[in-house]
Amino acid sequence: AKESGRNQMIVYTEELSSKVKQNYNLSTNLRKAIERNEFSLHYQPQVDLRSGSVIGVEALIRWNSPEYGMVPPGEFIPYAEESGLIVPISKWVLKEACLQLMKWQAQRFPTLVMSVNISAQQFRSAGFSKWIKSVLDETGVDPNLLCLEITETTAIQDMEHSVQMLKEIVHLGLYIAIDDFGTGYSSLVLLKRLPIHMVKIDKSFIRDMSGDQDDAAIVKAVIAMSHSLGLSVIAEGVEGREQLEQLKTLECDYIQGYYLGKPMPSDAFTAYIQSYSKD
Ligand code: C2E
Ligand code: CA
Ligand code: CA
Ligand code: CA
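Rules of the game
- Residues numbered from 1 in each chain as written.
- Chains lettered and ligands numbered in written order.
- Predicted model: local features only at pLDDT ≥ 70, side-chain atom pairs only at ≥ 80, totals over all residues.
- Heavy atoms only, no water.
- Buried < 20%, exposed > 50% of the residue type's maximum accessible area, 1.4 Å probe, protein only.
- Helix = DSSP H or I, 4+ residues; strand = E, 2+ residues; numbered from the N terminus.
- Arc of directions from axis to C-beta.
- Near = heavy atom within 4 Å.
- Polar contact = N/O pair within 3.5 Å; in protein donor to acceptor, adjacent residues only side chain to side chain.
- Areas by Shrake-Rupley, 256 points an atom, 1.4 Å probe, with all protein chains shown as cover.
- Donors = N, O, S within 2.8 Å, 3.2 Å for Na, K, Ca; no water.
- Pairing = 2+ DSSP bridges.
- Contact = heavy atoms within 4.5 Å.
- Phe/Tyr/Trp six-rings, centres within 6.5 Å; stacked < 30°, edge-to-face > 60°.

The name that an unreviewed UniProt entry assigns to the protein chain is EAL domain-containing protein, with the source organism given as Paenibacillus hexagrammi.

### Concerning helix α2 (residues 25-33)
Residues of α2 that are buried include every one of Leu26, Ser27, Asn29, Leu30 and Ala33, and no others. The arc enclosing the buried residues of α2, seen along the axis, measures out at 165°, which places them on a common side.

### Quick look at helix α3 (residues 73-83)
Burial in α3 covers these residues: Phe76, Pro78, Tyr79, Ala80 and Glu81. Positive phi appears at glycine 84, one or two residues downstream of α3, with a value of about 85°.

### Here's the deal with the site of ligand 1
Close to ligand 1 lie 20 residues, the nearest being Gln44, Arg62, Asn117, Glu239 and Tyr258. The contact in question runs from a nitrogen atom of ligand 1 to an N or O atom on the side chain of glutamine 44, over 2.9 Å. Here a nitrogen atom of ligand 1 and a backbone polar atom of isoleucine 61 are 3.1 Å apart. Protein burial of ligand 1: of its 800 Å² of free accessible surface, 81% is covered by the chains. Elements supplying a minimum of two residues to the shell around ligand 1: β2 (54-65), α3 and β6 (175-181).

### Considerations on the coordination of the calcium ion (ligand 3)
Protein-derived coordination of the calcium ion (ligand 3) comes from Glu58 (OE), Asn117 (OD1), Glu149 (OE) and Asp179 (OD), at a distance range of 2.1 to 2.3 Å. In primary sequence terms, the donor set of the calcium ion (ligand 3) follows E-x58-N-x31-E-x29-D. Between the calcium ion (ligand 3) and the calcium ion (ligand 4), a separation of 4.2 Å is found, and both are coordinated by aspartate 179. You can see glutamate 58 sitting in strand β2 and its partner aspartate 179 sitting in strand β6, a full 121 residues away along the chain. Its relative accessible area of 5% is what places glutamate 58 among the buried residues.

### Considering the pairing of β2
Across the 12 residues of β2, 10 count as buried, placing the element largely inside the fold. Two successive antiparallel strands, strand β1 (residues 39-48) and β2, enclose a turn made up of five residues, where glycine 52 displays a positive phi of approximately 75°. In this structure, β2 lies alongside strand β4 (residues 113-117), joined through four bridges in parallel fashion. In the sheet register, alanine 59 faces β4, and the bridge partner there is valine 116.

### Re the environment of isoleucine 61
With respect to the helices and strands, isoleucine 61 occurs in strand β2. When the C-alpha atoms of isoleucine 61 and alanine 97 are compared, they prove to be 10.0 Å apart, with 36 residues separating the residues in sequence. Not counting chain neighbours up to four residues away, the residues in contact with isoleucine 61 comprise Phe39, Ser40, Leu41, Pro73, Phe76, Ile77, Ile89, Trp92 and Val93.

### A closer look at the side chain of glutamate 152
Mapped onto the fold, glutamate 152 is located in helix α7 (residues 152-157). Not counting chain neighbours up to four residues away, the residues in contact with glutamate 152 comprise Ile178, Asp179, Asp180, Phe181, Gly182, Thr183, Gly184, Tyr185, Ser187 and Leu190.

### Focus on unusual backbone geometry
Negative phi is the rule for most residues except glycine; trans is the rule for most peptide bonds. Residues other than glycine seldom take positive phi values, yet asparagine 37 does so here, at roughly 65°. The topology assignment puts asparagine 37 in the loop between α2 and β1. Taking the relative accessible area as the measure of exposure, asparagine 37 reaches 60% and is therefore exposed. Phi angles above zero are rare outside glycine, and aspartate 180 is one such case at about 55°. Here aspartate 180 lies in strand β6.

### Thoughts on the packing of aromatic side chains
For the structure shown, the criterion picks out 11 aromatic pairs. Between tryptophan 104 and phenylalanine 269 the ring centres are 4.8 Å apart and the planes differ by 50°, which places this aromatic pair in the tilted class. In this pair, tryptophan 104 is assigned in helix α4 (residues 86-106) and phenylalanine 269 in helix α13 (residues 266-278), connecting sequence segments 165 residues apart. Grouping residues by exposure puts tryptophan 104 and phenylalanine 269 together as buried. A centroid spacing of 6.1 Å and a plane angle of 25° characterise the contact between phenylalanine 269 and tyrosine 272, whose relative ring orientation is stacked.

Shown next, in the form of structure tokens:
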């Protein structure tokens, strides 16, 4: 299936509204999922291409529902946004990710950076930065070790709000990455106007990079442009050695993808990073 961030979102929303009509219980089940402890976070490593070491980790939510089994986030996050349940779910995600990061920090990984996905609804709410601040205070996590991933589509929706909100977030000491970069519009304006640190090139470009000259050219241009604006670049969806080598040649800073490690439970990630730092 063709994958573009925007189209994907629309398809999921349509699929879900029909599913929701079929099953009135989804809302109730999603509502209960937090108290019933059905959510968990999986963690995917992010590697520095120069040093080859694991420098960061992205937290990805998983819902293990007794009614539906494992529900991928692409299916329930859009619904959670529509229903407002995204608020308590996001709160749980951020807090859980912070607590896990503090555990890793206290172990042998004091500089590991945790990336957390921020939904459009959340980001657009007026109290967003206050909310982030309250989780920082509650958990005591070092804000310098936290990165918020905001999609390009979310960021361009209301530029005034985005600029202001991101300024407040950066002031708190967090990093900002633009997720799914290249799938929305106005990319250049975005990079110029927003106080961000990192560009995350969408996996659709990385997937086709080795076979498709156009995708390779886009990846090359995004990396060069980001660097000249003082931004770091991470490529997502790296699935093979060839892509890794190509990205290295293009001087991409960081990579993430199945080739390095799939998203995994926290214990597996601890074992992964321990064995990884030994070689
Ligand atoms: P995303 O933020 O773009 O996350 C990357 C997705 O690509 C993840 O899917 C990840 O498992 C997958 N992926 C990683 N490496 C590879 C690879 O090498 N090849 C391929 N084909 N895919 C790879 P996942 O975990 O199913 O998440 C899907 C989306 O759901 C995320 O896309 C994000 O938009 C959303 N999401 C996940 N967790 C959260 C969360 O805690 N909060 C919010 N608001 N959204 C979340
Ligand atoms: Ca995507
Ligand atoms: Ca992400
Ligand atoms: Ca992405």
